[in-house]
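Fold and contact review
If you want the building blocks of each chain, they are given just below.
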Amino acid sequence: MIRKAEIKDIFQIVSIEKKGFHQTLGEKFLYLEFTENPDALYYVIEQSGTVVGYLGFRLHDKSAEMMNFIISQEYQGQGLGTQLLTYLFGVLKSHQIEKIVLEVRASNVRAQHFYKKFNFYESHRMKQYYGNEDGIVMVKEGDL
Ligand SMILES: CC(C)(COP(=O)(O)OP(=O)(O)OC[C@H]1O[C@@H](n2cnc3c(N)ncnc32)[C@H](O)[C@@H]1OP(=O)(O)O)[C@@H](O)C(=O)NCCC(=O)NCCS
């Protein structure tokens with residue numbers, strides 16, 4: 001099931017991030033996003049009642065900036081990321097969003113491959129965006 005993220009999900013989201021990414025947006029950041037940012041859009045995907053992934057955006061006029069996207073390691077490669085992202089395309093369309101922008105680590109070839117399947121293209125590279133590593137900015141525009 002895919003549904004809007006709630007405050008009660010923050011602990012599980014952060015735990016998935018820490019395991020899979022070794023870094024997290026953090027409890028406080030997410031709490032503020034969920035409670036005080038009217039332009040934030042965060043969704044979770046559940047399996048048997050457990051949150052196994054989440055995807056978040058910030059909306060700016062007709063653009064959406066992807067804040068984070070992760071599926072719990074043991075659930076990756078089963079189509080859940082595809083389900084969640086495709087669902088969010090629909091939600092973003094209902095907000096009149098025409099462009100999605102995201103940053104991905106240069107070394108994260110798997111995620112880049114994943115995004116290209118959904119017609120994201122590589123816009124430009126940001127030198128040392130992740131401290132020791134370049135970031136690649138990917139964009140999807142037009143009909144989401
Ligand atoms: C990127 C991510 C969200 C995709 O979610 P997912 O549920 O694993 O994706 P799906 O099962 O829907 O797979 C779709 C595509 O992902 C890629 N993929 C999934 N598992 C893969 C694997 N084990 N090896 C290589 N590519 C893989 C493939 O392109 C796959 O397409 P295919 O089915 O045609 O081969 C997930 O892998 C993840 O959380 N990765 C770690 C966090 C991350 O990198 N987030 C993005 C930050 S910008």
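Quick note: structure is the one above.
Presented here is an overview of the structure given in this document. (Residues numbered from 1 in each chain as written. Predicted model: local features only at pLDDT ≥ 70, side-chain atom pairs only at ≥ 80, totals over all residues. Heavy atoms only, no water.)

1. Topic: the pattern of salt bridges
Tallied over the entire structure, the rule returns nine salt bridges. The closest approach of N and O atoms between Glu33 and Arg58, which form a salt bridge, is 2.9 Å. With Glu33 in helix H2 (residues 27–36) and Arg58 in strand E3 (residues 50–60), the pair connects residues that are 25 residues apart, well separated along the chain. Judged by relative accessible area, which is 5%, Glu33 ranks as buried. Between Arg125 and Asp134 there is a salt bridge, with the nearest N and O atoms lying 2.9 Å from each other. Exposure remark for Arg125: the relative accessible area of 46% places this residue in the partly exposed category. By relative accessible area, which is 10% here, Asp134 ends up buried. Each member of the salt-bridge network shares a partner with another, and the members are Arg3, Glu6, Asp9 and Glu46. (Salt bridge = Lys/Arg side-chain N within 4 Å of Asp/Glu carboxyl O. Helix = DSSP H or I, 4+ residues; strand = E, 2+ residues; numbered from the N terminus. Buried < 20%, exposed > 50% of the residue type's maximum accessible area, 1.4 Å probe, protein only.)

2. Some points on the site of the ligand
Lining the immediate surroundings of the ligand are 20 residues, of which Gly79, Gly81, Thr82, Asn108 and Lys117 lie closest. Taking Phe69, its main chain carries an N or O atom lying 2.8 Å from a nitrogen atom of the ligand. Contacts to the ligand include Lys117, whose side-chain N or O atom sits 2.7 Å from an oxygen atom. Coverage of the ligand by the protein chains reaches 72% of its 920 Å² of free accessible surface. Elements with a contribution of two residues or more to the shell around the ligand: strand E4 (63–71), helix H3 (80–94), strand E5 (99–105) and helix H4 (109–117). When residues of the shell around the ligand are assigned to their parent elements, the largest contribution, six residues, is made by H4. Here the residues of the shell around the ligand are counted per class, giving nine nonpolar, eight polar and three charged. Formed jointly, the shell around the ligand draws a minimum of three residues from each of two domains, domain 1 (1–97) and domain 2 (100–144). (Near = heavy atom within 4 Å. Polar contact = N/O pair within 3.5 Å; in protein donor to acceptor, adjacent residues only side chain to side chain. Areas by Shrake-Rupley, 256 points an atom, 1.4 Å probe, with all protein chains shown as cover. Nonpolar A, V, L, I, M, F, W, Y, C, P; charged D, E, K, R; others polar. Domains from an automatic or database assignment.)

3. What about a nonpolar patch on the surface?
On the surface, Ile7, Tyr31 and Leu32 cluster together into a nonpolar patch covering about 270 Å² of accessible area. Here Ile7 lies in the loop between strand E1 (2–4) and helix H1 (10–21). Classification of Ile7 as partly exposed rests on a relative accessible area of 45%. (Patch = residues over 30% accessible without salt bridge, like charges linked within 9 Å, V, L, I, M, F, W, Y side chains within 5 Å.)

4. Details of the side chain of Gln112
Note that Gln112 resides in helix H4. Classification of Gln112 as buried rests on a relative accessible area of 8%. For Gln112, the side chain forms a polar contact with the main-chain oxygen of Arg105, separated by 2.9 Å. Beyond its immediate sequence surroundings of up to four residues, Gln112 is in contact with Val104, Arg105, Ala106, Ile136 and Met138. (Contact = heavy atoms within 4.5 Å.)

5. Overview of the side chain of Glu17
Residue placement: Glu17 occurs in helix H1. In this structure Glu17 is buried but unpaired, with Lys18 as the nearest side chain of opposite charge at 8.3 Å. Within polar-contact distance, the side chain of Glu17 engages the side chain of Thr24 at 2.4 Å. Ignoring any residue separated from it by four or fewer positions in sequence, one finds Glu17 in contact with His22, Gln23, Thr24, Leu25, Gly26, Tyr54, Asn68 and Ile70. (Lys, Arg positive; Asp, Glu negative; His and termini not counted.)

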